[in-house]
Amino acid sequence: MLVTKLEHACLVVEQDGDRLVIDPGAYTRPVDVTGVVAVVVTHEHPDHGTAEQLARILQRNPGIPVFGPAGVASALGATAPGSVVVDVVTDGDTRTVGAFTLTFHGTRHQLIHSSVPVVDNTGVFVNGTLFHPGDAYIDPGVPVEVFATPVGAPWLKIGELMDHLAAVAPRRAFPIHEATLSDIGFAGHTERIRQVVEPAGEVVVLAPGESFTV
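Treat the numbers as computed from the prediction; the structure is a model and nothing was measured. Numbers given to residues run from 1 along each chain, matching the order in which its sequence is written. For a predicted model such as this one, the threshold for reporting local features is a pLDDT of at least 70, and the threshold for listing and counting side-chain atom pairs is 80 or more; totals across whole chains, interfaces and linings nevertheless cover every residue. With hydrogens and water excluded, all non-hydrogen atoms of the structure serve as input to the side-chain values.

S.K.: Got a minute to help me understand the pattern of salt bridges in this structure?
M.R.: Think of it this way: side chains of opposite charge can pair up when their charged atoms draw near. Only one rule defines a salt bridge in this text: a Lys or Arg side-chain nitrogen within 4 Å of an Asp or Glu carboxyl oxygen. Summed over all chains, the structure comprises nine salt bridges. Salt-bridge contacts for E178 lead to K5; the nearest nitrogen and oxygen are separated by 3.1 Å. One end of the pair, E178, is in the loop between strand 12 (172-176) and helix 4 (183-197); the other, K5, is in strand 1 (residues 2-5), with 173 residues separating them in the sequence. A simple rule labels every residue: compare its accessible area, found with a 1.4 Å probe on the protein chains alone, to the largest value its type can have, and call it buried under 20%, exposed over 50%, or partly exposed in between. Judged by its relative accessible area of 1%, K5 is buried. One salt bridge in this structure joins E7 and R29, with 2.9 Å as the shortest N-O distance. With E7 in the loop between strand 1 and strand 2 (11-15) and R29 in the loop between strand 3 (18-22) and strand 4 (36-40), this residue pair connects regions lying 22 residues apart in the sequence. Working definition: helices are DSSP H or I runs of at least four residues, strands are E runs of at least two. Numbering for both runs from the N terminus.

S.K.: Mind showing me how you'd approach the environment of Q15 here?
M.R.: Here Q15 is to be found in strand 2. For the pair Q15 and T213, spaced 198 residues apart in sequence, the C-alpha to C-alpha distance is 10 Å. The contacts of Q15, once residues within four sequence positions are left out, are M1, A99, F100 and N127. Between N or O atoms, a polar contact is any pair within 3.5 Å; within protein, one atom must be a potential hydrogen donor and the other a potential acceptor, and residues adjacent in sequence are included only when both atoms are from side chains. In terms of polar contacts, Q15 uses its side chain to reach the backbone amide nitrogen of M1, at 3.4 Å. Any two residues whose heavy atoms approach within 4.5 Å at even a single point are treated as in contact.

Coordinates in, geometry out; function isn't part of it.
Right under this line is the structure:
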């Protein structure tokens, strides 16, 4: 699979000419790709998915499914009624579309603060290889070859992330969800990720638009 990281939490994954888009949100450039067979939105926060981004993708790839938890369906129904139909998924569900088998893990967003409602969040495991957790410390309970690791967020404490990575023990990790950090903060957090993942594994740092093969 070819994985292209766009800004923040958005990935475009390609296998055998089929593309999967994950979390095309407001902090990401307009996602203007064809050959898309499905979109996954891990949760309803706009940095992970917006009606505008989804409409743009669906216009270029009509009829494709959009997968997400119930909160995504409710949020899109409120902001853009009828424009996007969500195939609701939750922990333990599986979907196969094009060249991709998708398994879904987790149910809730990580706590930001007691005053902030906790929304639905369901991470996605792509072809048993690449795991994107959305905004939660999710352990899918199976070996993870490649982990898209949130590196900066209002809910994220770097020590907790380090413990989570130690528990999941991915062979390869790459940081995502970086838009809330300065360059200095991103470098510092990435170094903490390296402390956990390396030398047993590998950390790959991708600038927006860069790709690697998994």
